[in-house]
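# Structural overview
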Amino acid sequence: MTKKLALYFVRHGQTYLNKNLRMQGWADTPLTPEGAEIVRQSGRGLSDTEFVAAYSSDLHRTISTAEILLHENKHGFGLQLEPLSEFRETFFGSFEGEKGDVAWGEIARFNGYDSQEDFFSKVDVRTMMNDTKKADPTGDAEDFMTFWTRVEKGFLHVINRHRNTGGNILIVAHGNTIRNIVHELEPSITESFVLDNASVTVLNYENGLFKVERLNDISHFRAE
């Protein structure tokens, strides 16, 4: 019988590309001062939670977010953060860094939709990723299967390492990464919901079963 695992997924804090509404997958910019402060507020709210391990993607924005969270945590001293490339955000190829409305408008038109709004209203996340790859003239953007194969590998690495010991696990990652993990494990929750910066989503794992305990939670944020 496996012991209970509680996986605390935290989306990274606001970055300068987030602030300027630009596409940000593997492209990486620092947290804004406001973004770092919101992460500190999330960290204060999690300060009494004792983590037995901490992971993040290998991008700067998630590593910085994880370091702030661990600094605010009463039990975080000495806990070694392990960055994993498998937890990266979707790669948008040649659309990286482009204004979001420009990129999505181009992707929509390439795939035969009237507008960005028309595109978003008719496709799911899988189709969105696949259509982004089709529209990328370089062909570098990830399709859904490439993305999910990568993310699943990292997720299974964490589960297999900790399933017999249990405990609380911190995983700082990205919007698409967290949304798709949640949806794949609990399909009743749509993968199209939006995650707030520094929000917490908790997945419990026990006896081979997953259950979502918290989703996009910011109620724990503490200003002081």
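Residues numbered from 1 in each chain as written. Predicted model: local features only at pLDDT ≥ 70, side-chain atom pairs only at ≥ 80, totals over all residues. Heavy atoms only, no water.

## Some points on the overall build of the protein
From N to C terminus, the protein includes 8 helices and 6 strands. The order of helices and strands in the protein, counted from the N terminus, is β-α-α-β-α-β-α-α-α-α-β-α-β-β. Taken as a whole, the protein presents about 10,400 Å² of accessible surface, with 51% of it coming from carbon and sulfur. Each charge class in the protein can be summarised by its mean position, and for the 24 positive and 33 negative side chains these summaries are 3 Å apart. (Helix = DSSP H or I, 4+ residues; strand = E, 2+ residues; numbered from the N terminus. Areas by Shrake-Rupley, 256 points an atom, 1.4 Å probe, with all protein chains shown as cover. Lys, Arg positive; Asp, Glu negative; His and termini not counted. Charge placed at Lys NZ, Arg CZ, Asp CG, Glu CD.)

## Some points on the sheet that holds strand S6 (residues 209-217)
With respect to topology, 6 strands assemble into an open sheet ordered S3-S2-S4-S1-S5-S6, the strand pairing being mixed. Because the sheet does not close on itself, it has two edges, and the strands there are strand S3 (81-84) and S6. Each strand of the sheet is rotated relative to its neighbour by a mean of 20°, with strand direction disregarded. Where strand S1 (residues 5-11) lies against strand S4 (residues 167-173), 7 bridges are found, and the strand directions are parallel. Residue pairing in the sheet places Phe-9 in a bridge with Ile-171 of S4. Relative to S1, helix H7 (residues 144-162) is tilted by about 145°, and along the sheet it contacts S1, strand S2 (51-57), S3, S4, strand S5 (200-206) and S6. (Pairing = 2+ DSSP bridges. Axes fitted to C-alpha atoms, helices over the stretch in contact; angles between N-to-C directions. Contact = heavy atoms within 4.5 Å.)

## Let's talk about helix H2 (residues 33-45)
In this model, H2 (13 residues) spans 19 Å end to end at C-alpha, consistent with the 18 Å of a helix rising 1.5 Å per residue. Looking only at H2, the buried set comprises Gly-35, Ala-36, Val-39, Gln-41, Ser-42, Gly-43 and Arg-44. (Expected span 1.5 Å × (residues − 1). Buried < 20%, exposed > 50% of the residue type's maximum accessible area, 1.4 Å probe, protein only.)

## Observations regarding the UniProt feature "binding site: substrate" (unreviewed entry) in the protein
The positions that UniProt labels "binding site: substrate" (unreviewed entry) are, in the present scheme, Arg-11, His-12, Gly-13, Gln-14, Thr-15, Tyr-16, Leu-17, Asn-18, Arg-61, Gly-175 and Asn-176. Of the annotated residues named above, the ones that line the largest pocket are Arg-11, His-12, Leu-17, Asn-18, Arg-61, Gly-175 and Asn-176. Residue classification places Gly-13 among the buried positions, given a relative accessible area of 0%. With sequence-adjacent residues up to four places away left out, Gly-13 is seen in contact with Asn-18, Leu-31, Gly-35, Val-39, Thr-65 and Asn-197. Within the secondary structure layout, Asn-18 lies in helix H1 (residues 16-19). Dropping the residues within four chain positions of it, Asn-18 is found in contact with Arg-11, His-12, Gly-13, Gln-24 and Asn-197. (UniProt positions renumbered as here; feature names shortened; annotations may be inferred. 1 Å grid on protein atoms, 1.4 Å probe; cavity = no way out; pocket = protein on both sides within 12 Å on 5 of 7 lines; lining within 4 Å.)

## Focus on the UniProt feature "site: Transition state stabilizer" (unreviewed entry) in the protein
The UniProt feature table records "site: Transition state stabilizer" (unreviewed entry) at His-174. The topology assignment puts His-174 in the loop between S4 and helix H8 (175-185). Among the residues examined, His-174 registers a relative accessible area of 0% and is labelled buried. Leave out the neighbours within four places in its chain, and His-174 touches Arg-11, His-12, Ser-57, Leu-59, Arg-61, Thr-62, Phe-87, Arg-88 and Glu-89.

## Describing the layout of surface pockets
The computed volume of the largest pocket comes to approximately 850 Å³. For the lining of the largest pocket, the leading source of residues is helix H6 (residues 125-135), giving 4 residues. Looking at side-chain class alone, the lining of the largest pocket contains 13 nonpolar, 10 polar and 8 charged residues. Here the lining of the largest pocket spans two domains, and each of domain 1 (5-91 + 142-217) and domain 2 (98-141) adds at least three residues to it. (Points joined across faces, edges and corners; volume = space filled by probe spheres on them. Nonpolar A, V, L, I, M, F, W, Y, C, P; charged D, E, K, R; others polar. Domains from an automatic or database assignment.)

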